[in-house]
Amino acid sequence: MKIQSLVMAGLATLLAPTLAFAHPHIFAEARLEIVSDETGGIGELRNVWRFDELFSASVVLDFDKNANATLDPDELKEVGQTVLESLAEYNYYTSISDNGKSVKVSRPDSITVDYKDNQLLMMFAVKPAETMPLKGKLSFGVYDPTMYTAMDFPTDEDLSVVGEKIEACQHQVVRPDPDEVLAENKDTLTDAFWNDPTGTDTSKLFATRIEITC
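Residues numbered from 1 in each chain as written. Predicted model: local features only at pLDDT ≥ 70, side-chain atom pairs only at ≥ 80, totals over all residues. Heavy atoms only, no water.

Enquirer: Help me understand the overall build of the chain in this model?
Expert: Counting its regular elements, the chain contains six helices and eleven strands. A burial count over the chain gives 46% of its 214 residues as buried. Relative to all contacts within the chain whose residues are 6 or more apart in sequence, the contacts with residues 24 or more apart total 72%. For the chain, the exposed area adds up to about 11300 Å²; of that, 51% sits on carbon and sulfur atoms. (Helix = DSSP H or I, 4+ residues; strand = E, 2+ residues; numbered from the N terminus. Buried < 20%, exposed > 50% of the residue type's maximum accessible area, 1.4 Å probe, protein only. Contact = heavy atoms within 4.5 Å. Areas by Shrake-Rupley, 256 points an atom, 1.4 Å probe, with all protein chains shown as cover.)

Enquirer: Quick question: what am I supposed to make of the nonpolar core here?
Expert: Side chains that are nonpolar tend, in soluble globular proteins, to be buried together. Grouped together as the largest cluster of nonpolar side chains are 46 residues, with contacts concentrated most on I34, W49, L120 and F140. The dominant element in this core, judged by the number of residues it contributes, is strand β1 (residues 26-36), at five residues. If we skip the residues at most four places from it in the chain, F140 touches L32, I34, I42, L45, S95, I96, M132, R209, I210 and I212. (Core = buried A, V, L, I, M, F, W, Y, C linked by side-chain atoms within 4.5 Å.)

Enquirer: Explain unusual backbone geometry here, please?
Expert: Trans is the prevailing form of peptide bonds, just as negative phi is the prevailing case for residues other than glycine. Its identity as a non-glycine residue notwithstanding, D117 has a phi of 50 degrees, on the positive side. Within the secondary structure, D117 sits in the loop between β5 (112-116) and β6 (119-126). Phi at N118 takes a positive value of approximately 65 degrees, unusual for a residue other than glycine. Along the chain, N118 falls in the loop between β5 and β6. For N118, a relative accessible area of 45% puts it in the partly exposed group.

Enquirer: Just checking my understanding: could you explain helix α2 (residues 53-63) for this structure?
Expert: In an α-helix, one turn spans 3.6 residues, which is why side chains three or four residues apart end up on the same side. Buried residues of α2: F55, S56, V59, V60 and F63, and no others. Each buried residue of α2 lies within a common arc of 145 degrees when the element is viewed along its axis, so the set occupies one face. In this structure, α2 carries L54 and L61 as exposed residues pointing more than 90 degrees from its buried face. Capping the start of α2, D52 holds a side-chain oxygen 3.1 Å from the backbone nitrogen of L54, two or three residues further along. (Arc of directions from axis to C-beta. Polar contact = N/O pair within 3.5 Å; in protein donor to acceptor, adjacent residues only side chain to side chain.)

Enquirer: What is the right way to read the environment of V79 from this model?
Expert: With respect to the element layout, V79 can be found in helix α3 (residues 73-86). For V79, a relative accessible area of 0% puts it in the buried group. Taking the C-alpha atoms as reference points, V79 and V59, 20 residues apart in sequence, are found 8.1 Å from one another.

Enquirer: For this particular structure, what's the right way to read the side chain of E44?
Expert: Along the chain, E44 turns up in strand β2 (residues 42-51). A polar contact of 2.8 Å, which involves the side chain of E44, links it to the side chain of R46. Leave out the neighbours within four places in its chain, and E44 touches E33, I34, V35, A125, V126 and K127.

Enquirer: Even after reading the chapter, I still don't get the sheet that holds strand β4 (residues 101-102), so can you show me in this structure?
Expert: In a beta sheet, neighbouring strands are held together by backbone hydrogen bonds and run either parallel or antiparallel to one another. Read across the sheet, five strands follow the order β4-β3-β7-β11-β10 without closing on themselves; strand pairing throughout is antiparallel. Here the strands that pair on one side only, and so sit at the sheet edges, are β4 and β10 (170-174). Sheet topology places β10 next to strand β11 (residues 209-213); five bridges connect them, and they run antiparallel. From the neighbouring strand, V174 faces β11, where its bridge partner is R209. (Pairing = 2+ DSSP bridges.)

Enquirer: Sorry, what's going on with the environment of V142 here?
Expert: For V142, the position within the fold is in strand β7 (residues 137-142). Given a relative accessible area of 2%, V142 falls into the buried group. Between the C-alpha atoms of V142 and Y93, which are 49 residues apart in sequence, the distance is 5.4 Å.

Enquirer: Can you help me understand the packing of aromatic side chains in this one?
Expert: We describe a pair of aromatic rings using the distance from one ring centre to the other and the angle between the two ring planes. Throughout the structure, instances matching the rule amount to five aromatic pairs. When the ring of W49 is compared with that of F51, the centres are 6.3 Å apart and the planes differ by 75 degrees; the resulting orientation is edge-to-face. Of the two residues, W49 and F51, both sit in the buried class. Measuring from ring centre to ring centre gives 5.2 Å for F51 and F55, while their planes differ by 50 degrees; the resulting arrangement is tilted. One exposure class covers both F51 and F55, and it is buried. Here the aromatic cluster, defined as three or more aromatic residues joined through ring pairs, consists of W49, F51, F55, Y92, Y93 and F124. (Phe/Tyr/Trp six-rings, centres within 6.5 Å; stacked < 30°, edge-to-face > 60°.)

Written out as structure tokens, the structure is:
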């Protein structure tokens, strides 16, 4: 099953009769840098994703055309292009909030892929689709809205800010408590799920994020 199929398969988990059946099948450790530009706004978000060995092995099986048990440069490039196209409709797993307003990201120029120590790595940068000045309360995170992929930030240092202007702002990493999220949103989540199983976007409530106040 190619990456595009795996991504689309994530939608099926949301069609299960209860929220409890929606759970991740792919696991990745993430690193995110929020970079300010010279104009005093958000310049780009730099991502590094390291996937679990099981999923990485499945990608090797799908894209290893010469059967040498690894991924050569041309095969890595094909993986990157597949992901570039597949994740467009999911905003590249990027969550941005500008003073409460959701902001989309522009399509990245490319996604660089590597395969080291039996794990797949993906590196790319995205830019907000609209101007984002460093003003008020901003929030940034990475999560899969289909719940099929679990994006984990192992340490708070894996969510960071880069640039003199943004470093002057207050910033903190927020890791929501799952029990508290469920308790606070139980009725809302249940109603939303039955009304629109594919549109609840429940995983956003549980996603780790960095909040910046300027």
